[in-house]
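Report on the structure
In case you want the letters, here they are:
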Amino acid sequence: NTVWAFATAAVAAPELFEAIAGEARTRIREFNPQAMANTVWAFATASVAAPELFEAIAGEARTRIRKFNSQNMANTVWAFATAAVAAP
């Protein structure tokens, strides 16, 4: 996950994050639970606002919540809280 790597390395890349947010929203159904969790974690860690992406991930996660393991769940909840995004 590219945004995860940039967030982990603390490398600012707002244009990259914006481009990935747009593409990820259209392909969110292809993401597994770990990819969804890592993606929102990266945006929250990098302090990059992406409300439409968070909304898309919240919607998709809701339909597949039983497939999330405890780590996926914890990272996703942490990301939403850190980014101050209320899940619908």
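Now for a description of the structure that goes with this document.

Cut-offs applied
- Residues numbered from 1 in each chain as written.
- Predicted model: local features only at pLDDT ≥ 70, side-chain atom pairs only at ≥ 80, totals over all residues.
- Heavy atoms only, no water.
- Helix = DSSP H or I, 4+ residues; strand = E, 2+ residues; numbered from the N terminus.
- Rg over C-alpha atoms; globule rule 2.2 N^0.38 Å.
- Contact = heavy atoms within 4.5 Å.
- Areas by Shrake-Rupley, 256 points an atom, 1.4 Å probe, with all protein chains shown as cover.
- Lys, Arg positive; Asp, Glu negative; His and termini not counted.
- Charge placed at Lys NZ, Arg CZ, Asp CG, Glu CD.
- Polar contact = N/O pair within 3.5 Å; in protein donor to acceptor, adjacent residues only side chain to side chain.
- Expected span 1.5 Å × (residues − 1).
- Buried < 20%, exposed > 50% of the residue type's maximum accessible area, 1.4 Å probe, protein only.
- Arc of directions from axis to C-beta.
- Patch = residues over 30% accessible without salt bridge, like charges linked within 9 Å, V, L, I, M, F, W, Y side chains within 5 Å.
- Salt bridge = Lys/Arg side-chain N within 4 Å of Asp/Glu carboxyl O.

Within the protein, the regular secondary structure consists of 5 helices and 0 strands. Counting from the amino terminus, helix and strand elements in the protein follow one another as α-α-α-α-α. For 88 residues, the compact-globule estimate of 2.2 N^0.38 gives 12 Å, and the C-alpha radius of gyration of the protein, at 12 Å, lies within 12% of that figure. Across its three principal directions, the C-alpha atoms of the protein cover 35 × 25 × 20 Å. Taking the intrachain contacts of the protein between residues at least 6 apart in sequence as the baseline, contacts between residues at least 24 apart amount to 70%. For the protein, the exposed area adds up to about 5300 Å²; of that, 55% sits on carbon and sulfur atoms. Seen as two clouds, the 7 positive and the 7 negative side-chain charges of the protein have centres 13 Å apart.

With respect to the element layout, Arg 64 can be found in helix α4 (residues 51-64). Polar side-chain contacts of Arg 64 include one of 2.7 Å to the backbone oxygen of Phe 31. Setting aside residues no more than four positions away along its own chain, Arg 64 makes contact with Ile 28, Arg 29, Phe 31, Asn 32, Pro 33 and Met 36.

On to helix α5 (residues 70-82). Owing to its 3.6 residues per turn, the α-helix aligns residues three or four sequence positions apart on the same side. A rise of 1.5 Å per residue sets the reference length of α5, with its 13 residues, at 18 Å; its end C-alpha atoms lie 18 Å apart and thus fit the reference within 8%. Three or more residues of α5 are buried, namely Asn 72, Thr 76, Ala 79 and Phe 80. Seen from one end, α5 has its buried residues packed into an arc of 95 degrees, which puts them on one side. Residues of α5 that are exposed and angled more than 90 degrees away from the buried face: Ser 70 and Ala 81. Next to the buried residues of α5 lie α3 (33-45) and α4. N-capping of α5 is provided by Asn 69, with a side-chain oxygen placed 3.0 Å from the backbone N of Gln 71.

Along the polypeptide, Glu 15 turns up in helix α2 (residues 14-27). For Glu 15, a relative accessible area of 62% gives the class exposed. Separated by 14 residues in sequence, Glu 15 and Asn 1 place their C-alpha atoms 16 Å apart.

Another point: a nonpolar patch on the surface. On the surface, a nonpolar cluster with roughly 230 Å² of combined accessible area is contributed by Ile 65, Met 73 and Val 77. Within the element layout of this structure, Met 73 appears in helix α5. Owing to a relative accessible area of 30%, Met 73 belongs among the partly exposed residues under this scheme.

Remember that the coordinates give geometry; whether it matters functionally is a separate question.
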